[in-house]
Amino acid sequence: MLGSRLLQSRLPQSRRLQSWILACALLGAACTPGASPRAAQSGVRAPDSAEPGARVRPSRTPSGRQGAILRAHNVRRAKHCAQALRWSNELARTAQGWADKLARGRCALEHSDTPFGENLAAGTSGAFSPEDIVQMWFREREQYRFARGSFSLKTGHFTQLVWRSTRMIGCGMSECKGMDVWVCHYDPPGNVEGRFDEQVLPTSCQK
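None of these values were measured; they are calculated from a predicted model.

Along its length, the protein chain carries 5 helices and 6 strands. Taken from N to C terminus, the helices and strands of the protein chain fall in the order β-β-α-β-α-β-α-α-β-β-α. Here the analysis covers contacts within the protein chain between residues at least 6 apart in sequence; of these, 75% occur between residues at least 24 apart. Element-wise, carbon and sulfur atoms account for 49% of the exposed surface of the protein chain, whose accessible area totals about 9,500 Å².

Moving on, we get to the pattern of salt bridges. Tallying each qualifying case throughout the model produces 4 salt bridges. Ionic pairing is found between E131 and R76, a salt bridge with its closest N-O pair at 2.3 Å. Here E131, found in helix α3 (residues 130-138), pairs with R76, found in helix α1 (residues 64-79); they are 55 residues apart in sequence, far enough to count as distant. For R76, a relative accessible area of 5% puts it in the buried group. E110 is paired through a salt bridge with R106; the nearest N and O atoms lie 3.9 Å apart. Its relative accessible area of 61% is what places R106 among the exposed residues.

So, about the side chain of H80. With respect to the element layout, H80 can be found in the loop between α1 and β3 (86-87). Here the side chain of H80 touches L201 through a polar contact of 2.7 Å, landing on its backbone oxygen. Setting aside residues no more than four positions away along its own chain, H80 makes contact with F138, R141, F146, F158, V162, L201, P202 and T203.

Here we come to the environment of L109. Its location among the elements puts L109 in the loop between α2 (89-104) and β4 (117-124). Here the alpha-carbon distance between L109 and V181, two residues 72 residues apart in the chain, equals 8.1 Å.

Reading the values: the criteria
Residues numbered from 1 in each chain as written. Predicted model: local features only at pLDDT ≥ 70, side-chain atom pairs only at ≥ 80, totals over all residues. Heavy atoms only, no water. Helix = DSSP H or I, 4+ residues; strand = E, 2+ residues; numbered from the N terminus. Contact = heavy atoms within 4.5 Å. Areas by Shrake-Rupley, 256 points an atom, 1.4 Å probe, with all protein chains shown as cover. Salt bridge = Lys/Arg side-chain N within 4 Å of Asp/Glu carboxyl O. Buried < 20%, exposed > 50% of the residue type's maximum accessible area, 1.4 Å probe, protein only. Polar contact = N/O pair within 3.5 Å; in protein donor to acceptor, adjacent residues only side chain to side chain.

Written out as structure tokens, the structure reads:
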């Protein structure tokens, strides 16, 4: 049995699905019995029926933790022929607001009801850098079938991360009972049914 505590991400059945993932492949030592820190866990939003245009405006490129998570996204997007994201302070505010609300609650990774794309993650406070969190989401590409692109709870964080039509991002993080809770919001949102073939490309940039 894993030494890390698994949290559950609960999503409204009308629009989303349930997802909970342990990042053992990312931090192997953290997943051995009795190991510390607790492995990161994440939740992903299921597809919406439409892909609206951008709702928010870009902001100045941030520094510190925000700049690090933006750079981590863009390095990986470039591998899959997606243009670099720009930072949005508005998205960062909505993401931080949701992270704070989760922290005030029971720390369960529940999705917000915003119109934006959303990736969630949680792990022992101070144990996971922005790079670690993004890499955890990105490692899902190992299970993604590019020839038959579609949504899956096993790969939904990755497909949102590299979704080509997404233009802006904003993220926030709060602490809750010894855990860091991470929230990233994306605009326009990804994971749209019927768009995976054109939006999630392999590193060759060709299907």
